[in-house]
Amino acid sequence: PHVIRREDYRAPDWMVPEIALDFDLDAAVTTVHAVLKVERNGSDAGPLRLDGDGLTPESVRVDGREAEYHMDGDTLVVPLDGAMHHVETVVRIAPERNTQLMGLYASGGNLCTQCEAEGFRRITFFPDRPDVLTRYRVRMEADKTRYPVLLSNGDPVASGDLDHGRHWAEWNDPFPKPCYLFALVAGDLAVNRGTFTTRSGREVQLGIWVREKDLAKTEHALEALKTSMAWDERVYGREYDLDVFNIVAVDDFNFGAMENKGLNIFNSRYILADPDTATDQDYDAIAGVVAHEYFHNWSGNRITCRDWFQLSLKEGFTVFRDQSFSADQGSAAVKRIEDVRALRAAQFPEDAGPLAHPIRPDSFIEISNFYTATIYNKGAEVIRMMATMLGPQKFRAATDLYFSRFDGTAATCEDFVRCMEEAGEIDLSQFRLWYSQAGTPRVTASLSHEQGSDRALLTLRQSVPATPGQPDKQPMVLPLKLKLFSETDGSAFGPEQLVLLSDLESEIAFEGVSERPVLSINRGFSAPVVIETDRSAADLAFLSAHDDDPFARYEAMQQLMLDTMIAGVLHGRTDHAPVIEAVANTLGDERLDAAFIAEAVLLPSENFVGDQMATVDPDAIHRVREALRRDLGRSLEGLWRQAYEASRADRFELTPAAKGARRLRTVSLGYINAGGAPDAAGLAFLQFEQADNMSDRQGALGVLANGSSDKRVAALDIFYNRYSDNGLVLDKWFSTQALSGRDDTLDQVEQLARHKDFTLANPNRARSLVGAFSVNQRAFHDASGRGYRFLADQLLALDKLNPQTAAKLLPPLGRWRRFDADRAEKMRAELERILATPGLSKDMFEQAERSLK
Ligand code: B3K
Ligand code: ZN
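Residue positions are counted from 1 within each chain, in the order its sequence is given. To label them, take the chains in the order written and letter them from A, then take the ligands in the order written and number them from 1. It should be noted that, the model being predicted, local features are given only for residues of pLDDT at least 70 and side-chain atom pairs only at 80 or more, the latter also being counted only at that level, while totals for whole chains, interfaces and linings use all residues.

### Here's the deal with the overall build of the protein
The helix and strand tally for the protein stands at 26 helices and 31 strands. Radius of gyration: over C-alpha atoms. The globule rule applied is 2.2 Å multiplied by the number of residues raised to the 0.38 power. The C-alpha radius of gyration of the protein comes to 28 Å, within 12% of the 29 Å expected for a compact globule of 853 residues. For the protein, the C-alpha atoms occupy an extent of roughly 90 × 60 × 60 Å along the three principal directions. We call a residue exposed when 12 or fewer other C-beta atoms sit within 10 Å of its C-beta, buried when the count reaches 20 or more, and partly exposed for counts in between; the C-beta positions come from the backbone. Across the 853 residues of the protein, 51% fall into the buried class. Strands are runs of DSSP state E lasting at least 2 residues, helices are runs of H or I lasting at least 4, and numbering of each runs from the N terminus.

### Let's talk about the UniProt feature "domain: Aminopeptidase N-like N-terminal" (unreviewed entry) in the protein
UniProt positions are given in the numbering used here, feature names are shortened, and annotations may be inferred rather than shown by experiment. In the numbering used here, UniProt assigns the feature "domain: Aminopeptidase N-like N-terminal" (unreviewed entry) to residues 70-181. Between the end C-alpha atoms of residues 70-181 the distance is 28 Å, and the span holds 0% helix and 54% strand.

### A word on the pairing of strand β8 (residues 75-78)
Burial of β8 is one-sided: the residues Leu76 and Val78 facing one way are buried, the residues Thr75 and Val77 facing the other way are not. Think of it this way: DSSP has to see at least two bridges between two strands before they count as a pair. Pairing of strand β4 (residues 48-50) with β8, which is carried by 3 bridges, proceeds in the antiparallel orientation. Pairing of Arg49 across the sheet is with Val77, part of β8. Pairing geometry for strand β7 (residues 70-72) and β8, over 3 bridges, is antiparallel. Bridge pairing in β8 links Asp72 to Thr75.

### Considerations on the domain arrangement of the protein
An automatic or database domain assignment provides the domain bounds reported here. Looking at the protein, the domain boundaries give domain 1 (4-188), domain 2 (304-436) and domain 3 (723-853). Look at where the C-alpha atoms of domain 2 and domain 3 centre, and you get two points 30 Å apart. Contact with domain 2, which involves 9 residues of that partner, is made by 12 residues of domain 3. Gly is placed with the polar residues, together with every amino acid not listed as nonpolar (Ala, Val, Leu, Ile, Met, Phe, Trp, Tyr, Cys and Pro) or charged (Asp, Glu, Lys and Arg). A class-by-class count of the residues in the side of domain 2 that touches domain 3 yields 4 nonpolar, 3 polar and 2 charged. Any residue pair is listed as a contact if its two C-beta atoms, each placed from the backbone, are within 7 Å.

### Quick look at the packing of helix α2 (residues 280-295) against helix α3 (residues 311-329)
Note on method: axes are straight lines fitted to C-alpha atoms, helices fitted across the in-contact stretch only, with angles between N-to-C directions ranging 0 to 180 degrees. Relative orientation of the contacting elements α2 and α3 amounts to 135°, with a least axis distance of 9 Å. The angle between α2 and α3 places the two elements in the oblique class. Like other packed secondary-structure pairs, α2 and α3 cross with a definite hand, here right-handed. Here Asp284, Ala287, Gly288, Ala291, His292 and Phe295 of α2 come into contact with α3, specifically with Thr318, Val319, Arg321, Asp322, Phe325, Ser326 and Gln329. When the residues that make up the contact of α2 with α3 are grouped by side-chain class, the tally is 5 nonpolar, 5 polar and 3 charged. Throughout, the term roughly parallel applies to angles under 35 degrees, roughly antiparallel to angles over 145, roughly perpendicular to angles from 65 to 115, and oblique to all others. If you view the pair so one helix is near and one far, a crossing is left-handed when the near helix is turned anticlockwise from the far one by less than a right angle, and right-handed when it is turned clockwise.

### Concerning the UniProt feature "domain: Peptidase M1 alanyl aminopeptidase C-terminal" (unreviewed entry) in the protein
The sites that carry the UniProt feature "domain: Peptidase M1 alanyl aminopeptidase C-terminal" (unreviewed entry) are, in the present numbering, residues 538-853. As annotated, residues 538-853 has a helix share of 71% and a strand share of 0%, and its two end C-alpha atoms lie 42 Å apart.

### Digging into the environment of Arg360
With respect to the helices and strands, Arg360 occurs in the loop between α4 (332-351) and β23 (363-364). Each C-alpha atom of the pair Arg360 and Asp744 lies 42 Å from the other, and the pair is 384 residues apart in sequence.

### So, the pairing of strand β27 (residues 478-486)
Judged by how many residues are buried, β27 sits mostly within the fold: 8 of 9 residues are covered. As paired strands, β27 and strand β28 (residues 492-501) are joined by 7 bridges and run antiparallel to one another. Note on β28: the bridge partner recorded for Lys481 is Leu498. Remark: 5 residues form the turn of the hairpin made by β27 and β28, two consecutive strands paired antiparallel; Gly490 in that turn has positive phi of roughly 75°. Note that β27 and strand β30 (residues 517-521) share 5 bridges and pair antiparallel. When the sheet's bridge partners are listed, Phe485 is paired in β30 with Val518.

### Notes on the site of ligand 1
Being near a molecule or strand means, for a residue, that its C-beta atom, positioned from the backbone, comes within 6 Å of it. Glu116, Ala117, Phe255, Ala257, Met258, Glu259, His292, Glu293, His296, Glu315, Ser368 and Tyr371 make up every residue found near ligand 1. Elements supplying a minimum of two residues to the shell around ligand 1: β20 (257-258) and α2. The class makeup of the residues in the shell around ligand 1 is 5 nonpolar, 3 polar and 4 charged.

### Some details on the sheet that holds strand β13 (residues 149-152)
Across the sheet, which stays open at both edges, the 4 strands sit in the order β10-β11-β16-β13 with antiparallel pairing between neighbours. The sheet is open, and its two borders are formed by β10 (103-107) and β13, each paired with just one other strand. Taking each pair of neighbouring strands and ignoring which way they run, the sheet shows an average axis angle of 15°. In terms of strand pairing, strand β11 (residues 110-114) meets strand β16 (residues 184-187) through 2 bridges, oriented antiparallel. Of the residues in β16, the one forming a bridge with Leu111 is Ala186.

### Topic: the environment of Asn264
Following the sequence through the fold, Asn264 ends up in strand β21 (residues 263-267). Expressed as a C-alpha distance, the spacing of Asn264 and Asp251, which sit 13 residues apart in the sequence, is 14 Å. Those residues in contact with Asn264 that sit more than four places away from it in its chain are Ile247, Ala257, Met258, Glu259 and Glu293.

### A word on the nonpolar core
Put simply, a nonpolar core is buried Ala, Val, Leu, Ile, Met, Phe, Trp, Tyr and Cys residues tied into one set by C-beta atoms within 7 Å. One finds Val185, Val248, Ile265, Ile271, Ile286 and Leu704 to be the most contacted residues of the largest nonpolar core, which totals 236 residues. Ranked by residues supplied to this core, first place goes to helix α5 (residues 373-406) with 12 residues.

### Considering unusual backbone geometry
Note the cis peptide between Glu116 and Ala117, where omega equals 0°. One non-glycine residue, Leu101, adopts positive backbone phi at about 60°. Position of Leu101 relative to the elements: it lies in the loop between β9 (84-93) and β10. The phi torsion at Asn522 lies on the positive side, around 55°, for a residue other than glycine. Given 23 C-beta atoms within 10 Å, Asn522 falls into the buried group.

### Describing the confidence of the model for the protein
On average, residues of the protein carry a pLDDT of 98, and 100% of them reach 70 or more. Interface confidence for the predicted complex, expressed as ipTM, amounts to 0.99; the pTM equals 0.99. Scored between 0 and 100, pLDDT is the confidence that the predictor attaches to each residue.

### Quick notes on helix α25 (residues 821-835)
End to end, α25 covers 21 Å across 15 residues, agreeing with the expected 21 Å (1.5 Å per residue, within 8%). Where α25 is concerned, the buried positions are Arg823, Lys826, Met827, Glu830, Leu831 and Ile834. All buried residues of α25 project into a common sector of 140° when viewed along the axis, lining one side. Of the exposed residues in α25, the ones pointing more than 90 degrees away from its buried face are Ala821, Asp822 and Glu825. Considering only its buried residues, α25 is in contact with α23 (786-801) and α26 (842-852). Helix span, expected: 1.5 Å multiplied by one less than the number of residues in the helix. Directions drawn from the helix axis to the C-beta atoms are what define this arc.

Dropping the structure here:
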């Protein structure tokens, strides 16, 4: 397969200022008639090359006349003289046979599109690259009974009825956009309408479109949309620019949602919510994704990417924006903890493995493989570091400059950084390494204090690990927030400082430090790095109780738990007492809110423990972690029961406080159960049965599904029967079982793959079983290698239907270097088997090939 390189970027030979698209819609055969106004860009005399994917031209006309053309593979080549022409093509496509869910496809009887990154070429011939900006006029014609609603980007212009029960509608989008932002929806949909008045007085008609039966579950998304619109005005000065903003929810979708101009299309899991079917986490994710897609209207649509290597320009920045939005809606500290946990769960392993790449990659075979945690989440951390270094006023000035300077254009990461430099009055030359170097930097910090002196000395050293294609790294700029504390009275030696570590090694002296201080470093997770310190268990316990930065408190507790578990894995024995005492202190601290406590007392995941070890021993990690959980549960049983009772609610509310209480309740239940209390299963079953919301119900189900009480099967059956007509909840039923810590999880998962409700054709369902199972470290890494074979079998089957979603599920197999020789060999063998399969997609090929290196 062909490798595309960033350094090969060339401006397009032809621009397409306007397009008129005419769709004759039908699930079996849709005819697409396109008229492109094309203008030569620059002096090259080259032909017009239009990308296609599986398209056959039925007719090609230039300026009204039948034209000569030829195909170069999938590309339509039209020789053209002169500087401006109208090029007309007709193609036929088959939406109902489109299992890739890219281009125009059918979902639940409706028709919808997904074009990012390169799906538009599956709809019509076009220069499918983000730096070609075009004004769209779209006419759709369809059967009125099956497809009463016809939507596209921009504003509706006109509509009318036709003979034979058909009708038509026309939409016009005044904003030039890249073709990846094109969208169309035709279907039988109901709408929840709202309005939003922008600060300059424009009234925007909002609509959330779903199937009739789901209409009652759209209120939360609609409210989140309004809140996002107001937030972007207030925080970034960004106003909405069209008269309508529509969101459509569909069940079959390759990822979360898509920011098409004026017509966002969503995976229904990020729209639909009511207390009976959605957890608090679901509610928060809906608000976050609605905000994310809305924010793209400026960071992505008004200013788009010059080429796909710049993807983090829109994604990193927009994730940072949605994270800040969510932080403003509830507890900022808990949100930061969740974001860092997600970064460590998905991005750190990626950065440490064969698929590591910089946030601005240098090459790819299939761009779909680069919608990664690195581009999104590390990309957001890079923006966050610049925001930290600039401070709020200058950061706002810099984003204002960026939005005004590049509005209406396709920009680069470099353009963004230059705005930060100019408005921030700061030199980011060395900081730019964050865009080009992959790998998670490591910082070792050691603090010394001579007894009787008034001075402490902090030595910081950084290193950036080698990653594929990048054996040698330069030192980076790491903004580290730090503070020193007195162990005697908990007071601080001076205020928090922001240290920019830019050398390999640096020494910082602190004056006025009269006793041995305790170091609080990388507060708020100011840099996305790994910190290694020589802090003792006592120091960590102290910080977990006294640090005034809630993130740092959480972090100290996590480190203490981690050190304890690693010692257990390495030496077979470990002292649980410091963890138990620290957890007891946190549980008993009345100044802390329930949401924070629930996060702080959770043990780091088995995967995260594994990530810290030279060779992962999944069974030992599971054993040691379970032992610590049991001990915590048993020793603090009284406190857990207290927390469990105190967080009981008499009615359902969606306030941050109520959500925090529910979280702590289920975490406490988990510990009561882990401690082996004889009534634990009964308690869980009671919570399961009496729940008036999905958080409590699924929380209890998770506890039961992990155990071996006779209530386990009963609860799973009740849950299944109660929700058998709700796909999103059935996904939870599958993933709860796939994530179970039971010994027989692998057998269960193999059986579930044969369940009548399991299908690979729906990406959510595929991920709920296959995706969830592959992050269940102990079950997936079963010494027999059966877990690996199961994953490879599923991937190969899915690759035939939907390569993009299949390839996204491959990375767990690529982590073979981190396991013992026996497991590594079995993992490699599955990768080899995948690679040797005839007809493999280029998506899978790229992922499997890179994973073997
Ligand atoms: N921009 C889309 C992601 C498209 C993924 C294509 N493989 C959603 C988002 O990030 O907002
Ligand atoms: Zn995005």
